[in-house]
Amino acid sequence: MQTSDVVIIGAGAAGLMCAFVAAGRGRRVLLLDHANKAGKKILMSGGGRCNFTNLYTEPANFLSGNPHFCKSALARYTQWDFIALVAKHGVPYHEKKLGQLFCDNKSSDILGMLLDECREAGVELRLETRIEQIERSESGYRLHTSAGAVACQSLVIATGGLSIPTLGATGFGYQVARQFGHSVLPTRAGLVPFTLTDPQLKALCGELSGTSVEDCLVSCNGQRFRENILFTHRGLSGPAILQISSFWQPGDTVEINLLPHLDLLEWLTAQQRERPNSELKTLLAELFTKKMAGLLAEHWFVSKPLKQYVPAELEAIAERLSCWSLVPSGTEGYRTAEVTLGGVDTQEVSSKTMESRKSPGLYFIGEVLDVTGHLGGFNFQWAWASGFAAAQYV
């Protein structure tokens, strides 16, 4: 039987970080993954450029049943610490917007950096290895794997959530948590596009599929995000929609202000005064694409010269564009979700060490925990911070 000080299950962002930091402390670390390649989610993230952290990371950017849990780890390994690591490896990067940092080249720069750190620290990485059974032993844990038995003092679960199963996501981490007495809070897809079944709404979105509106304010359940939205064949996507999806529950209404930078009634009234013979759809084409202006005029309004509208009609147009209310029929689900909401209950895990309060020597890091970041590099920062925290104690 192979023995190791630390076994980490999951060679994603959190697992890789934990592995090389723990090995750097002199621990013998074995990193296992059932996939044929490490860091698959890193490679596809950020459109292939990996939005690896956010300049403005703070606890308020995270959702959890226990909102204080993330504070300790985030304070001990900050965005500046990860940026320093990126700089050490000479990986070129840029701020896209809103503090979001992306690789100049491709995501493999970040994965390569993490794998280099693991190699230098002496981490043993074993891919295509299935975990068949885990049991407690006198000195820690014993694992039966497709590559043989392994014994360790510390066992780290870094298996992620259920999002994007095509990359190998499974509920394995939740099974392990339950096996050792942990509660797992209900999971659902987060940072995910909405679907619509209302025939009129679906027809409008279908005709506008691929059209983006650059600056929208999307609100639901007291939360609001101002970013792009994107029309799709099945409904709505884009950063603002993905953000609000984490706060939406089935049946909830979502409100969208398509033009938050304009006092629309004031603008329409001024246009009516200055350009009375202009048609509404001509005017809307100055605010949206020509195609979208035409479709909005067709689906929502009767397009006619501005001089023919009475004040109440202009008010109704302004209201519709600045407060478009809709009830999504659902989301695209885990298939396209960037993260999984819910997970291992953080009340049963130490916020300082990431160690289980139920089973000594067992640790949980990254997305498997009930900690979910906003869109924009926050989930990666949680992976780095939680991985680093656990690595100090495993």
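Residues numbered from 1 in each chain as written. Predicted model: local features only at pLDDT ≥ 70, side-chain atom pairs only at ≥ 80, totals over all residues. Heavy atoms only, no water.

A. The overall build of the protein, seen in detail. Each helix and strand counted, the protein has 13 helices and 21 strands in total. Taking all 394 residues of the protein together, the buried fraction comes to 55%. Expressed as a percentage of contacts within the protein between residues at least 6 apart in sequence, the contacts between residues at least 24 apart total 72%. Summed over all atoms, the accessible surface of the protein reaches about 16500 Å², with 50% contributed by carbon and sulfur. Side-chain charges of the protein comprise 36 positive and 38 negative groups, with the mean position of each set lying 4 Å from the other. (Helix = DSSP H or I, 4+ residues; strand = E, 2+ residues; numbered from the N terminus. Buried < 20%, exposed > 50% of the residue type's maximum accessible area, 1.4 Å probe, protein only. Contact = heavy atoms within 4.5 Å. Areas by Shrake-Rupley, 256 points an atom, 1.4 Å probe, with all protein chains shown as cover. Lys, Arg positive; Asp, Glu negative; His and termini not counted. Charge placed at Lys NZ, Arg CZ, Asp CG, Glu CD.)

B. Geometry of the sheet that holds strand S6 (residues 100-103). With antiparallel pairing, the three strands of this open sheet are ordered in space as S3-S6-S5. On the outer flanks of this sheet lie strand S3 (51-54) and strand S5 (93-95), each paired with one strand and no other. Mean inter-strand twist for the sheet, computed between neighbouring axes without regard to direction, equals 30°. As paired strands, S5 and S6 are joined by three bridges and run antiparallel to one another. What sits directly across from histidine 94, in S6, is phenylalanine 102. In this fold helix H4 (residues 79-88) packs onto S3, S5 and S6, with an angle of close to 140° to the strand it touches most, S3. (Pairing = 2+ DSSP bridges. Axes fitted to C-alpha atoms, helices over the stretch in contact; angles between N-to-C directions.)

C. Representation of the packing of helix H9 (residues 264-274) against helix H12 (residues 311-322). Packing of H9 against H12 brings their axes to within 9 Å, and their N-to-C directions diverge by 140°. Looking at the two axes, H9 sits oblique to H12. Considering the relative orientation of H9 and H12, their crossing is right-handed. Across from Leu264, Leu265, Leu268, Thr269 and Gln272 in H9, the residues of H12 making contact are Leu314, Glu315, Ile317, Ala318 and Leu321. Residue classes in the contact of H9 with H12 are distributed as seven nonpolar, two polar and one charged. (Parallel < 35°, antiparallel > 145°, perpendicular 65-115°, else oblique. Left-handed = near helix turned anticlockwise from the far one by under 90°. Nonpolar A, V, L, I, M, F, W, Y, C, P; charged D, E, K, R; others polar.)

D. Examining the UniProt feature "transmembrane region" (unreviewed entry) in the protein more closely. The residues that UniProt annotates with the feature "transmembrane region" (unreviewed entry) are residues 6-24. End C-alpha to end C-alpha, residues 6-24 measures 12 Å, and it is 63% helix and 21% strand. (UniProt positions renumbered as here; feature names shortened; annotations may be inferred.)

E. Region of the structure containing the packing of aromatic side chains. Inspection of the entire model under this criterion finds 13 aromatic pairs. Their ring planes at 35° and their centres at 5.8 Å tell us that phenylalanine 225 and phenylalanine 247 sit as a pair that is tilted. On the criterion of sequence distance, the pair formed by phenylalanine 225 in strand S14 (residues 223-231) and phenylalanine 247 in the loop between helix H8 (239-245) and strand S16 (254-257) is long-range, its members being 22 residues apart. Between the aromatic rings of tryptophan 300 and phenylalanine 301, the centroid separation amounts to 6.1 Å while the plane-to-plane angle is 85°, which identifies the pairing as edge-to-face. No difference in accessibility class separates tryptophan 300 from phenylalanine 301, as the two residues are buried. Put simply, the rings of Phe52, Phe82, Tyr93, Phe380 and Trp384 touch in pairs and so form one group of aromatic residues. One residue, arginine 320, lies across the ring of tryptophan 300, its end atom 4.1 Å from the ring centre. (Phe/Tyr/Trp six-rings, centres within 6.5 Å; stacked < 30°, edge-to-face > 60°. Lys NZ or Arg CZ within 6 Å of the ring centre and 35° of its normal.)

F. Quick look at unusual backbone geometry. Residues other than glycine seldom take positive phi values, yet leucine 98 does so here, at roughly 55°. Within the secondary structure, leucine 98 sits in the loop between S5 and S6. Phi at methionine 354 is positive, roughly 70°, even though this residue is not glycine. Tracing the sequence through the fold places methionine 354 in the loop between strand S19 (339-344) and strand S20 (362-364).

G. How the structure looks around the pattern of salt bridges. Inspection of every chain in the model, using the stated rule, returns 14 salt bridges. For arginine 119, the salt bridge identified is with aspartate 116, shortest N-O distance 2.4 Å. A residue pair is termed a helical-turn pair when its members lie 3 or 4 positions apart in one helix, as arginine 119 and aspartate 116 do in helix H5 (residues 108-121) at three residues. Taking relative accessible area as the criterion, aspartate 116 reaches 29% and is therefore assigned partly exposed. The network of salt bridges with common partners includes Asp5, Arg27 and Arg28. (Salt bridge = Lys/Arg side-chain N within 4 Å of Asp/Glu carboxyl O.)

H. The domain arrangement of the protein, seen in detail. Under the domain assignment, the protein is made up of domain 1 (2-189 + 340-392) and domain 2 (193-332). Placing a centre on the C-alpha atoms of domain 1 and another on those of domain 2 gives a separation of 39 Å. With nine residues of domain 1 at the interface, the matching set in domain 2 holds twelve residues. Interface area for domain 1 against domain 2, summed over the two sides, is near 790 Å², with a carbon-plus-sulfur share of 49%. It is Arg188, His374 and Leu375 that lose the most area in domain 1 upon contact with domain 2, and together they represent 54% of the buried surface on that side. At the junction of domain 1 and domain 2, the tally comes to one salt bridge. Of the charged contacts in the structure, one is a salt bridge between lysine 97 and glutamate 227, with a shortest N-O distance of 2.9 Å. The tally of links between domain 1 and domain 2 comes to four residue pairs in polar contact (both at pLDDT 80 or more). Residue classes in the side of domain 1 that touches domain 2 are distributed as five nonpolar, two polar and two charged. (Domains from an automatic or database assignment. Buried area = accessible area lost by both parts, 1.4 Å probe. Polar contact = N/O pair within 3.5 Å; in protein donor to acceptor, adjacent residues only side chain to side chain.)

I. Inspection of the UniProt feature "domain: RsdA/BaiN/AoA(So)-like Rossmann fold-like" (unreviewed entry) in the protein at higher detail. Residues given the UniProt feature "domain: RsdA/BaiN/AoA(So)-like Rossmann fold-like" (unreviewed entry) here are residues 5-392. With 32% helix and 25% strand, the stretch residues 5-392 has end C-alpha atoms that lie 13 Å from each other.

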